[in-house]
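In case you want the letters, here they are:
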Amino acid sequence: MRHLIDFGDLTRQEWDEIYKRADKIIDNPQQFLDVCHGKVSANLFYEPSTRTNFSFQTAMMRLGGSVFGFADPNSSSVAKGETLKDTIKMVSNYADVIVMRTPWEGAAKAASLYSDVPVVNAGDGGHMHPTQTMADLTTITRLRGSVDGLAIGLCGDLKNGRTVHSLIKALAKFQNIRFYLIAPRDLAIPQYLRQFMQEHHMPFVEVTGLETVIPQLDVLYMTRIQKERFVDPLEYERNKGIYILTRSKLDRARENLLIMHPLPRVDEITVDVDDDPRAVYFQQARFGMFARMALLSDLANQPRMTPAPVEIGTKPVCHNPRCITQTEHYLPPLVKKNGGVDCCAFCDAPL
Ligand code: CP
């Protein structure tokens, strides 16, 4: 693995190695204090973040490395109109690894085409968030012993929730996973992921009600309605507050249920659930830091490599208004197949 853009790009063996290292770090953090000594991470956050930004920063510090970057792109030359390509060329002059979060789908993939150092996708719009998935898988494995054979409920904004998209990609690498996809019709899972689950023989049912499926679940993965992704504010108003997990709704849930959430939460889990021993979302965020330590200990230590030249594009071929190709017109017109359908290689939207 050179870059981490989409969890689907990792082999199961690569993930197992990262998990094994994360597991060791959790139990013996003092053995890893100098693993990134002298290494520097650039954290480019074009969108707000608490967990991902801080956990990547503290992960690098706990490995003996250091961090620079921005949490507001207006404090950099992005505000003067610098392209993503030029920003990445510059930052990869200074850093050993680049961690980036953006509102544009496919931006980390675009950055990886021009970077001399590994790029990590720390969330690209409503598309993917692979290191959140590392936090999620680490949580499930540490607390349940295994990810195989679980019935997993994904609840909330499944259309815009990048954490859910990455998690589905990752779970294809495990055995006998069953999904309950709990979402209003407006916010149902994207078609390319439905096809992905079918291709990978992952049974799923799509439902709109939460309470009826809770008793079936081993993991309930709640997500917030992603207000910032709605083009139509009325659509957000129609859907906000649609799922609220309360203590009483858990009466019929399994005793060993894991209640997970990538956070931040708005109102989809009431505060009285926090004290239920099945609620593991704060632990999940801590496991995320250890999983990111395991990832950085590999990527930040890789040699610099000049990327191969890429074709220069002239206009976007993708019609997704949130795709990075809409603003960075020099990007090559890369196409990939998803379930036999031509899709944008940056954001996965069908062409
Ligand atoms: N889970 C997650 O990505 O949280 P932040 O947006 O705070 O980084």
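Remember, predicted model here, so these are calculated numbers, not experimental data. (Residues numbered from 1 in each chain as written. Predicted model: local features only at pLDDT ≥ 70, side-chain atom pairs only at ≥ 80, totals over all residues. Heavy atoms only, no water.)

Caption draft 1: Representation of the overall build of the protein chain in the model. A tally of helices and strands in the protein chain yields nine helices and 11 strands. For 351 residues, the compact-globule estimate of 2.2 N^0.38 gives 20 Å, and the C-alpha radius of gyration of the protein chain, at 20 Å, lies within 12% of that figure. Taken along the three principal axes of its C-alpha coordinates, the protein chain extends 55 × 50 × 35 Å. In the protein chain, which comprises 351 residues, the share counted as buried stands at 54%. In the protein chain, 72% of the contacts between residues at least 6 apart in sequence involve partners at least 24 apart. A total accessible area of about 14900 Å² is found for the protein chain, and carbon and sulfur atoms account for 52% of it. Seen as two clouds, the 40 positive and the 41 negative side-chain charges of the protein chain have centres 1 Å apart. (Helix = DSSP H or I, 4+ residues; strand = E, 2+ residues; numbered from the N terminus. Rg over C-alpha atoms; globule rule 2.2 N^0.38 Å. Buried < 20%, exposed > 50% of the residue type's maximum accessible area, 1.4 Å probe, protein only. Contact = heavy atoms within 4.5 Å. Areas by Shrake-Rupley, 256 points an atom, 1.4 Å probe, with all protein chains shown as cover. Lys, Arg positive; Asp, Glu negative; His and termini not counted. Charge placed at Lys NZ, Arg CZ, Asp CG, Glu CD.)

Caption draft 2: Quick peek at the pairing of strand S5 (residues 151-155). The buried fraction of S5 is high, at five of five residues. A two-sided burial pattern is seen for S5, the buried positions comprising Ala 151, Gly 153 and Cys 155 on one face and Ile 152 and Leu 154 on the other. For S5 and strand S6 (residues 178-182), the ladder comprises five bridges, and the chain directions are parallel. Bridge pairing in S6 links Ala 151 to Arg 178. As a crossover connection, the stretch from S5 through helix H6 (residues 162-171) into S6 is right-handed. Both S5 and strand S8 (residues 219-222) contribute to a ladder of four bridges, which runs parallel. Paired with Leu 154 across the two strands is Tyr 221, which belongs to S8. (Pairing = 2+ DSSP bridges. Right-handed = clockwise from strand over helix to strand, strands pointing away.)

Caption draft 3: How the structure looks around the packing of aromatic side chains. Tallied over the entire structure, the rule returns seven aromatic pairs. Considering the side-chain rings of Tyr 46 and Phe 70, the 5.2 Å spacing of their centres and the 85° angle between planes classify their relative orientation as edge-to-face. Here Tyr 46, found in the loop between strand S1 (40-45) and helix H2 (51-62), pairs with Phe 70, found in strand S2 (residues 66-70); they are 24 residues apart in sequence, far enough to count as distant. Given the relative accessible area of 11%, Phe 70 is considered buried. (Phe/Tyr/Trp six-rings, centres within 6.5 Å; stacked < 30°, edge-to-face > 60°.)

Caption draft 4: Region of the structure containing the sheet that holds strand S3 (residues 97-102). Taken together, the four strands give an open sheet; going across it, the order is S2-S1-S3-S4, and neighbouring strands pair in parallel fashion. Of all strands in the sheet, those bounded by a partner on one side alone are S2 and strand S4 (119-124). Strand-to-strand twist of the sheet, defined as the mean angle between neighbouring strand axes without regard to direction, takes the value 15°. Bridge count between S1 and S2: five bridges; the pairing is parallel. What sits directly across from Ala 42, in S2, is Phe 68. Seen against the sheet, H2 touches S1, S2, S3 and S4 and runs at an angle of roughly 175° to S1. (Axes fitted to C-alpha atoms, helices over the stretch in contact; angles between N-to-C directions.)

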